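A closer look at the structure
One-letter residues, chain by chain:
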Amino acid sequence: MRELLAAAHEGEPPMRHTTDDFVGGGRRRRTRRRMTWAGSAAGTVLAMAAVTVVPQMIIGTRTVAATGQAVMFYTATAFNQTISAYAVGDIRVSDPVNVTPGYQQSRISRVGDTKQYEHAEGQVEQVQVSHSVLTVYRTGIFDPAQFGDTEQVTVGSASGRYSADDRALAWQYATGAWAVIRSGSGDLSKADMLRLAEAMRTAPERPATLPWRMTYLPPGYHLSSMGVTSDDELTGAHLQQGDARFTKEPEEYASLTQPLTGDGLSNLRVKVYPRWYGETRIGGFFWSGAQAQPSGGPSYEPSYEPSYEPSPGISDWPSYEPSYSPTFEPSYTPSSTDVEPFCVPDQSVCYRVTADGAYIVEASATAEPDGTELLKVLRGMRIADPDNTSTWSPLGEALPATSG
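Note that the structure is predicted; figures quoted are calculated from it, not measured.

On to the overall build of the protein chain. Across its full length, the protein chain holds six helices and 24 strands. Scored against the burial criterion, the 404 residues of the protein chain give a buried share of 51%. Accessible surface, the protein chain: about 17,600 Å² in total, of which carbon and sulfur atoms supply 52%.

Here is the structure:
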């Protein structure tokens with residue numbers, strides 16, 4: 001394994017950012033925010049300069065059979081996509097952003113519904129947000145019993161159920177196969193949901209892909225869900241650019257009443273973000289982590305941006321919204337010997353920057369407290385261009401051939 005990791009790592013350009021850079025950058029950004037708030041001046045929206053991102057070179061090629069992989073409970077074809085993006089008026093339904101062997105999930109958003117985020121030196125970016133989700137279950141997976149006493153509706157030639165209390169519409173798009181739209185509060189009306197349901201069509205199957213190739217996964221983990229974003233960050237801002245969740249326990253796809261999020265399982269997650277947002281996540285861990293100590297008492301500030309838009313949202317679905325108040329100074333000071341990738345002290349989360357400096361990869365786990373295995377995962381990854389899905393790898397090449 002050491003030889004394999006060495007071969008995969010050989011030739012990669014050196015990382016251009018250290019942990020000192022992240023912590024220092026976070027302090028500079030916080031200082032700028034305090035100066036801005038003190039001045040009580042209205043923020044001026046600046047046009048963001050276009051940046052050309054050169055994808056990181058993928059080292060080597062490898063073809064792995066789609067079936068019988070040790071890192072998958074199911075075959076690769078179980079993650080194929082069968083739904084394509086479509087629009088109804090000003091409402092957009094995305095391609096699937098999260099896929100499992102039991103269902104596919106797409107974001108639902110309205111044109112112009114964005115949130116402003118600050119990054120770089122005073123630059124801002126308008127990021128699309130969504131508050132509603134379409135889940136398309138495969139045949140025999142969904143149990144509509146929870147909609148039993150709700151209003152019966154017609155979706156084209158199919159029957160369905162609408163729950164005003166849950167702001168949800170369920171309909172049978174094929175024999176034994178159901179789809180569900182869950183709306184954020186005030187986001188979609190019943191009429192909106194019916195129009196979206198009637199316009200949904202299945203498409204020819206497309207292989208699932210990921211924006212990386214991995215050479216290592218800790219023993220016992222298997223792929224459970226994957227896509228553009230994770231099942232714990234479906235609603236809110238569209239910031240994540242690649243995700244996979246691995247579990248040690250197989251998830252059961254039968255008689256589901258809602259999507260699975262890995263509750264109670266040993267989860268290992270890998271996420272990709274643009275660097276400007278990834279740095280704020282790192283800063284959040286350092287300033288709100290267990291090692292942090294208050295400096296002169298808590299200092300409450302306006303909401304630390306960027307953060308995920310929590311409302312209006314789906315009240316019973318997870319939505320990641322980090323808490324950054326009260327503000328603490330980090331007591332952890334990285335040493336000059338720290339190299340990429342690195343882990344947050346006393347947190348089961350580690351990071352690395354791609355060689356081109358454009359993206360940050362985050363690895364976290366519920367059962368790997370010291371980060372040793374997460375560092376191996378990150379060192380064994382090669383990232384393509386997360387913004388260009390044509391550079392992504394099918395699962396047979398994106399995942400390691402063996403878990404040991």
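Back to the text.
Below, the discussion takes up the sheet that holds strand β6 (residues 114-119). Within the open sheet, the three strands sit side by side as β6-β7-β17. Their pairing is antiparallel. The sheet is open, and its two edges are formed by β6 and β17 (236-237), each paired on a single side.

Take the state of the cysteines next. Throughout the structure, instances matching the rule amount to one disulfide. With a sulfur-sulfur separation of 1.9 Å, Cys343 is cross-linked through a disulfide to Cys350. With the S-S bond torsion at 90 degrees, the cross-link from Cys343 to Cys350 turns out right-handed. Residue class for Cys350 comes out buried when judged on its relative accessible area of 0%.

Let us now look at the nonpolar core. Counting residues in each nonpolar core, the largest one holds 35 residues, and the members touching the most others are Phe79, Trp212, Leu223, Met226, Phe246, Met381 and Leu395. Those residues within four positions of Trp212 in sequence are excluded, and the remaining contacts are Gly242, Asp243, Ala244, Val270, Val272, Met381, Arg382, Ile383, Ser393 and Ala398. Counting 21 residues, the second largest nonpolar core, distinct from the first, contains Val155, Leu194, Leu196 and Ala197.

Residues in a regular strand project their side chains so that they alternate between the two faces of the sheet. When β6 meets strand β7 (residues 123-130), the two strands line up antiparallel, connected through six bridges. Paired with Lys115 across the two strands is Val127, which belongs to β7. Counted along the chain from β6 to the antiparallel partner β7, the turn is three residues long, and its residue Ala120 has a positive phi close to 55 degrees.

We now examine the pairing of strand β16 (residues 222-227). Counting buried positions along β16 gives six out of six residues, so the element sits mostly inside the fold. Two strands pair when backbone bridges link them, and strand β4 (residues 98-99) and β16 are joined in this way by two bridges, in the antiparallel orientation. In the strand pairing of β16, Asn98 is matched with Gly227. In the sheet, β16 pairs with strand β18 (residues 243-247) via five bridges, with the strands oriented antiparallel. Across the sheet, Leu223 pairs through a bridge with Phe246, a residue of β18.

Looking now at the pattern of salt bridges. Applying the stated criterion across every chain yields a total of 17 salt bridges. A salt bridge links Arg213 to Glu397, with the nearest nitrogen and oxygen atoms 2.9 Å apart. Taken as a pair, Arg213 in strand β15 (residues 212-214) and Glu397 in helix α6 (residues 395-398) lie far apart in primary sequence, 184 residues in all. Lys376 is the partner of Glu373 in a salt bridge, and the nearest nitrogen-oxygen pair spans 3.3 Å. With Glu373 and Lys376 both in helix α5 (residues 372-379), this residue pair falls three residues apart, about one helical turn. Each of Asp231, Asp232, Glu233, Arg245, Glu251, Arg269, Lys271, Arg281 and Glu362 takes part in one network of salt bridges that share partners.

Cut-offs used in this document
Residues numbered from 1 in each chain as written. Predicted model: local features only at pLDDT ≥ 70, side-chain atom pairs only at ≥ 80, totals over all residues. Heavy atoms only, no water. Helix = DSSP H or I, 4+ residues; strand = E, 2+ residues; numbered from the N terminus. Buried < 20%, exposed > 50% of the residue type's maximum accessible area, 1.4 Å probe, protein only. Areas by Shrake-Rupley, 256 points an atom, 1.4 Å probe, with all protein chains shown as cover. Pairing = 2+ DSSP bridges. Disulfide = S-S within 2.5 Å. Core = buried A, V, L, I, M, F, W, Y, C linked by side-chain atoms within 4.5 Å. Contact = heavy atoms within 4.5 Å. Salt bridge = Lys/Arg side-chain N within 4 Å of Asp/Glu carboxyl O.

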